[in-house]
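Chain by chain, the residues run as shown.
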Amino acid sequence: MKGAYSSPENLLYRRSQQSLFPDTAYQYDSGGDPTAIPNLTYEQFKTYHDTYYHPSNALIYFYGDDDPDERLRLMDGYLRDFEAADVDAHVGLQPVLGSPRRLTYPYSVAADEDASTAKAYVQLNWLLPEYNDMELVMGLEVLSHALLNTPASPLRKTLVDSGLGEEVTGSGVSTNLRQMTFSAGLKGVAPENVDKVETLVMDTLARLADDGIDPAMVEATLNTIEFQLRENNTGPYPRGLVLLLQAAGTWQHGHDMLGPVAYEAPLSAVKERLEADPDYLRTLIEEYLLNNTHRVTVVLEPDPQLAQRLEAEEVERLAQARTGMNDTDLEAIMAETEEIRRRQGTADSPEVLAMLPGLTLDDLEKAHQPLPIEVSELAGAQIVSHDLFTNGIAYVDVGMDLHGLPPELLPYVNLFGQALIKMGTETEDFVRLSQRIGSQTGGISPTTMVTPVRESEESAAWLLLRGKSTLARTPELLNILRDILLTVKLDDRDRFRQIVLESKAQAEAQLIPAGHVVTLTRLRAHFDQAHRVDEEISGVNQLFFLRSLAEEIDRDWPAVLAQLMGVRERLVNRNAMLVNMTLDADGQSDLMPQLGDFLNELPAGPFASATWDLPALPAREGLSIPAQVNYVGKGADLYKLGYQLDGSIQVINNLLRTGYLWEKIRLQGGAYGAFATFAATSGVYAYLSYRDPNLAGTLANYDGTADALRNLHLSDDELTRAIIGVIGSIDAYQLPDAKGFTSLTRYLTNQTDEYLQAVRDQVLSTSADDFRAFADVLDKVAAQGDIAVLGSAEALAKANDGGLGLAVTKVM
């Protein structure tokens, strides 16, 4: 939880919720406030668990076409030993505040940062009605999307254009709690501009209430929301699980569980309302935002001394607690601590583990299931197609080969991708372009793929524009893609500066909540060229580049524009492009002639791969951020250490994550998580910890992994569970668009069906001998591995005092 409270974005969310609900259970942090957690007694903890973690306080949900009688039989097996209990777990409604408020809180920045130049967070928050009137919910979601969810949305655009901050905060309407909320604001605000942000939000809402929202924006919003609802794309999460989470939003508070799921009626009602009453959204703004007295503005101000002050207060609390103890008290605490450590170090007995339901190896599919793929050529470009049922939606990805870019242009890749959809074209400003995308398609988004290729020194490096639409609207989808590729307007300095500042703010915001990803990206960059390029495009070096670019835009805009134009000239070349399409065969037949017309309008020319000679990173790195926790990584290229790939490595890592690393680094060390990862295409093996209070101790635990494997007494049941876990991840649930993209990735990285079947066979045949053999490999990682740590300056300095030898770089 110290890690959670180290993230200002996380802190802003928590403070906003607490401020809106000062009189209900929502005023408390369900994860626990770090300053309050030490006051929790075991008796309180156990009483709470006994009271609320009870079947009488449960909602039981089934999804699928399984036998209802079998469902009841299974549930009887779980519930028969419990007695009914009267559990009062309702969350009361928050009384309405009579007037708006403003609350100011500190957040931590680096101790050497000048508080006068550090930036504030300003967010306005409103309490809305209870989440049970689905027509009102739909109307507010339409309003929220129109106001905030696209670059052209009027409230977002006004905030961004103001120059008062770096990025918009707040998600608009939220339906996560019993009563809905609405939030919007800015981060990266100079202290003297805090009042201006609050005024700007209210003035903008007042103007929109008077003038209304552009009908084109409303049309685009309705199309986008309807497309999302009908597509029902739940990403990696099974649709049944997502439906449960949606239903629980009303069900847990005693309302109709089908309300959030049955969208047709409220969507139709809002459409009809908008047609009959063009002022409908204006009315919502007035009633629920402008005239709503339950509004709280939360301001986070930078405080360079906050971390040291919190630590000093914690030390003082402990000292006071120690002063009040006699020898008997201390002996009791030491005995309890030893008992906790004993329990943490004691494995569950076979009898306890046998109580968990599970599969057997015979239940697993032995054969790898290939994904459909066909590769062809059209107008000089590669066409990669996947014959999959997509319910009338065409998924089209247009890829541009990054190998054509010299090293100095690589850091511009993500910015160029954003510019394509956020800067407008020669015939449309970015507002009209955004509305056109929203009204005609299911969305277009840029993404990068930079990864090693299996058994090759080459890499796959692509900037992809990922688009989707109904099959009937693919001509317009391709027209939009053509327009942005051929006529993107890159010379708007102010607009590009906004994109850079937003990207910088987003990169900074991810340092703490996604610190393990930042550390892994940096660590892998030590060993492989593709990973090194990925660091330039999306890692810490990208953040450094964004900061310098924000200044260079004002200092030498012509030079920046020339670099952007250079990226465009090298990437928009159909002879170095691919198109990935996922839809059924009939849809592909309709789409292919349209693709031909689209590609033939793009320029075609010679393509030459650039030489990527990027400087090496230090073998031992410390990246400092203002946080109370660390993200500790250690790794090596196993192929260079002599390792021959075997699928058993996945089973070993699965057991390490849930066994040795979990026990040593989370249970005993107090970190929030621990991982062991392996990139089969590059050979890079990495240990990682998440929100870790330790550093040197965690590295020592990593180095002890080999001995842990040698001394491991692995039962057949434990091995079976580890194998099942890996097969479950290999066969993870995917919707058609994800299957198509996975198939493309496999093709680009040379992961053939024969290779994937061989790996699957090795996973299924993993034995205890594989664990002992891999211990020898991990000995080499312990002796020769590189280190990357993202953490506090104090923790890095202490580690270096102990001889770790980290090259320290300040990130924030």
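What comes next is a walk through the structure. (Residues numbered from 1 in each chain as written. Predicted model: local features only at pLDDT ≥ 70, side-chain atom pairs only at ≥ 80, totals over all residues. Heavy atoms only, no water.)

## Examining the overall build of the protein
- Tallying secondary structure elements over the protein gives 32 helices and 17 strands in all.
- In summary, the protein has a C-alpha radius of gyration of 28 Å against a globular reference of 28 Å for 812 residues, a match within 12%.
- On the principal axes, the C-alpha backbone points of the protein span a range of 80 × 65 × 65 Å.
- Looking at the protein as a whole, 50% of its 812 residues qualify as buried.
- For the protein, the proportion of contacts with a sequence separation of at least 24, taken over those separated by at least 6, is 82%.
- Considering the protein, the positive charge centre built from 66 side chains and the negative charge centre built from 117 side chains are found 3 Å apart. (Helix = DSSP H or I, 4+ residues; strand = E, 2+ residues; numbered from the N terminus. Rg over C-alpha atoms; globule rule 2.2 N^0.38 Å. Buried < 20%, exposed > 50% of the residue type's maximum accessible area, 1.4 Å probe, protein only. Contact = heavy atoms within 4.5 Å. Lys, Arg positive; Asp, Glu negative; His and termini not counted. Charge placed at Lys NZ, Arg CZ, Asp CG, Glu CD.)

## Describing the packing of aromatic side chains
- Scanning all chains against the criterion turns up 15 aromatic pairs.
- Look at Phe678 and Tyr685: their rings are 6.5 Å apart centre to centre, the planes differ by 45°, and that puts the pair in the tilted class.
- For Phe678, a relative accessible area of 17% gives the class buried.
- Residue Tyr685 is classed as buried on the basis of its relative accessible area of 0%.
- One aromatic cluster in this structure is built from Tyr639, Tyr643, Phe678, Tyr685, Tyr687, Tyr702 and Phe774.
- Stacked on the ring of Tyr105, the Lys or Arg Arg15 has its end atom at 4.7 Å from the ring centre.
- The ring of Phe430 carries the charged tip of Arg495 above its face, separated from the ring centre by 3.9 Å. (Phe/Tyr/Trp six-rings, centres within 6.5 Å; stacked < 30°, edge-to-face > 60°. Lys NZ or Arg CZ within 6 Å of the ring centre and 35° of its normal.)

## Let's talk about the nonpolar core
- Grouped together as the largest cluster of nonpolar side chains are 62 residues, with contacts concentrated most on Met400, Leu402, Leu481, Leu485, Phe496, Leu549 and Phe598.
- With sequence-adjacent residues up to four places away left out, Leu485 is seen in contact with Val398, Met400, Leu420, Leu465, Arg568, Val572, Met577, Phe598 and Leu602. (Core = buried A, V, L, I, M, F, W, Y, C linked by side-chain atoms within 4.5 Å.)

## Some thoughts on the pattern of salt bridges
- Tallied over the entire structure, the rule returns 43 salt bridges.
- One salt bridge connects Asp776 with Arg710, and the closest N-O pair in it is separated by 3.0 Å. Of the two residues, Asp776 is situated in helix H31 (residues 768-784) and Arg710 in helix H27 (residues 705-710); the sequence distance between them amounts to 66 residues.
- When its relative accessible area of 44% is taken as the criterion, Asp776 is described as partly exposed.
- Three or more residues joined by partner-sharing salt bridges are found here, namely Glu428, Arg436, Glu476, Arg482, Asp483 and Glu601. (Salt bridge = Lys/Arg side-chain N within 4 Å of Asp/Glu carboxyl O.)

## Side note on the sheet that holds strand E16 (residues 786-791)
- Pairing within the open sheet is mixed, and its 6 strands lie in the order E14-E15-E13-E16-E12-E17. In this open sheet, the two edge strands, each paired with only one partner strand, are strand E14 (673-679) and strand E17 (807-810). Neighbouring strand axes in the sheet, compared pairwise and without regard to direction, differ in orientation by 15° on average.
- Packed onto the sheet, helix H24 (residues 648-658) meets E14 and strand E15 (684-690) and runs at close to 170° relative to E14. (Pairing = 2+ DSSP bridges. Axes fitted to C-alpha atoms, helices over the stretch in contact; angles between N-to-C directions.)

## Let's talk about the environment of Val500
- Within the secondary structure, Val500 is located in helix H18 (residues 493-509).
- Judged by its relative accessible area of 0%, Val500 falls in the buried class.
- Sequence separation between Val500 and Gln418 is 82 residues; the distance between their C-alpha atoms is 9.5 Å.
- Ignoring sequence-local partners within four residues, the contact set of Val500 consists of Leu415, Leu546, Leu549, Ala550 and Ile553.

## Observations regarding the side chain of His253
- Inspection of the secondary structure assignment puts His253 in the loop between helix H9 (239-251) and helix H10 (264-276).
- According to the relative accessible area criterion, His253 is buried, its value standing at 18%.
- Leave out the neighbours within four places in its chain, and His253 touches Tyr26, Val91, Leu177 and Arg178.

## Observations concerning the packing of helix H16 (residues 430-440) against helix H17 (residues 474-487)
- At their nearest, the axes of H16 and H17 sit 10 Å apart, and the two run at 155° to each other. Regarding the angle of H16 to H17, the classification is roughly antiparallel. Handedness of the crossing formed by H16 with H17: left-handed. Contacts between H16 and H17 involve Leu433, Arg436, Ile437 and Gln440 from the former and Glu476, Asn479, Ile480, Asp483 and Ile484 from the latter.
- Taken together, the residues of the contact of H16 with H17 break down into 4 nonpolar, 2 polar and 3 charged. (Parallel < 35°, antiparallel > 145°, perpendicular 65-115°, else oblique. Left-handed = near helix turned anticlockwise from the far one by under 90°. Nonpolar A, V, L, I, M, F, W, Y, C, P; charged D, E, K, R; others polar.)

## Re the environment of Ala419
- Its location among the elements puts Ala419 in helix H15 (residues 413-422).
- Each C-alpha atom of the pair Ala419 and Phe496 lies 7.2 Å from the other, and the pair is 77 residues apart in sequence.
- Residues contacting Ala419, with those up to four places away along its chain left out, are Val488, Leu490 and Ile499.

## Description of the sheet that holds strand E2 (residues 120-130)
- Reading across the sheet, the 5 strands line up as E1-E5-E2-E4-E3 and stay open at both edges, with mixed pairing between neighbours. With one partner strand each, in any of the chains shown, strand E1 (101-108) and strand E3 (167-174) form the two edges of the open sheet. Between one strand and the next, the sheet's axes are offset by a mean angle of 15°, whatever the strand orientation.
- Taken together, the 9 bridges between E2 and strand E4 (residues 179-189) define a ladder with antiparallel strand orientation. By the bridge assignment, Leu127 is partnered in E4 with Thr181.
- With respect to the sheet, helix H2 (residues 8-20) is in contact with E1, E2, E3, E4 and strand E5 (295-303), its orientation differing from that of E5 by roughly 145°.

## Section: unusual backbone geometry
- The backbone phi angle of Ala379 is positive, close to 55°, even though this residue is not glycine.
- Tracing the chain through its elements places Ala379 in the loop between strand E6 (374-378) and strand E7 (381-387).
- Here Ala379 falls in the partly exposed class, since its relative accessible area comes to 22%.
- Residues other than glycine seldom take positive phi values, yet Arg691 does so here, at roughly 45°.
- By secondary structure assignment, the location of Arg691 is in the loop between E15 and helix H26 (696-703).

## Concerning helix H4 (residues 68-79)
- Between its terminal C-alpha atoms H4 stretches 16 Å, which fits the 16 Å expected from 12 residues at 1.5 Å a residue.
- In this structure Asp67 caps H4, since a side-chain oxygen of it lies 3.1 Å from the backbone nitrogen of Asp69. (Expected span 1.5 Å × (residues − 1). Polar contact = N/O pair within 3.5 Å; in protein donor to acceptor, adjacent residues only side chain to side chain.)

## A word on the environment of Glu535
- Relative to the elements of secondary structure, Glu535 occurs in helix H20 (residues 529-538).
- Remark: the alpha-carbon pair of Glu535 and Pro411, spanning 124 residues in sequence, is separated by 9.2 Å.
- If we ignore the near neighbours within four places in the chain, the residues touching Glu535 are Thr521, Arg522, Ala525, Val540, Asn541 and Gln542.
- A polar contact is formed between the side chain of Glu535 and the side chain of Arg522, at a distance of 2.7 Å.

## Considering the packing of helix H25 (residues 660-667) against H26
- Contact geometry for H25 and H26: axes closest at 10 Å, N-to-C directions at 165°. Viewed along their axes, H25 and H26 adopt a mutual orientation that is roughly antiparallel. Note on packing geometry: the crossing formed by H25 with H26 is right-handed. Seen from H25, the contacting residues are Tyr660, Leu661, Lys664 and Ile665; seen from H26, they are Thr698, Asn701 and Tyr702.
- Looking at the contact of H25 with H26 residue by residue, the classes come out as 4 nonpolar, 2 polar and 1 charged.

## Considering H24
- When you tally the buried positions in H24, you get 8 out of 11 residues, the bulk of the element.
- When we look at burial in H24, the residues that qualify are Ser648, Ile649, Val651, Ile652, Asn653, Asn654, Leu655 and Leu656.

## Overview of a negative patch on the surface
- Together, Glu374, Asp387, Asp586 and Asp590 make up a negatively charged patch on the protein surface.
- Its location among the elements puts Asp387 in strand E7. (Patch = residues over 30% accessible without salt bridge, like charges linked within 9 Å, V, L, I, M, F, W, Y side chains within 5 Å. Areas by Shrake-Rupley, 256 points an atom, 1.4 Å probe, with all protein chains shown as cover.)

Coordinates in, geometry out; function isn't part of it.
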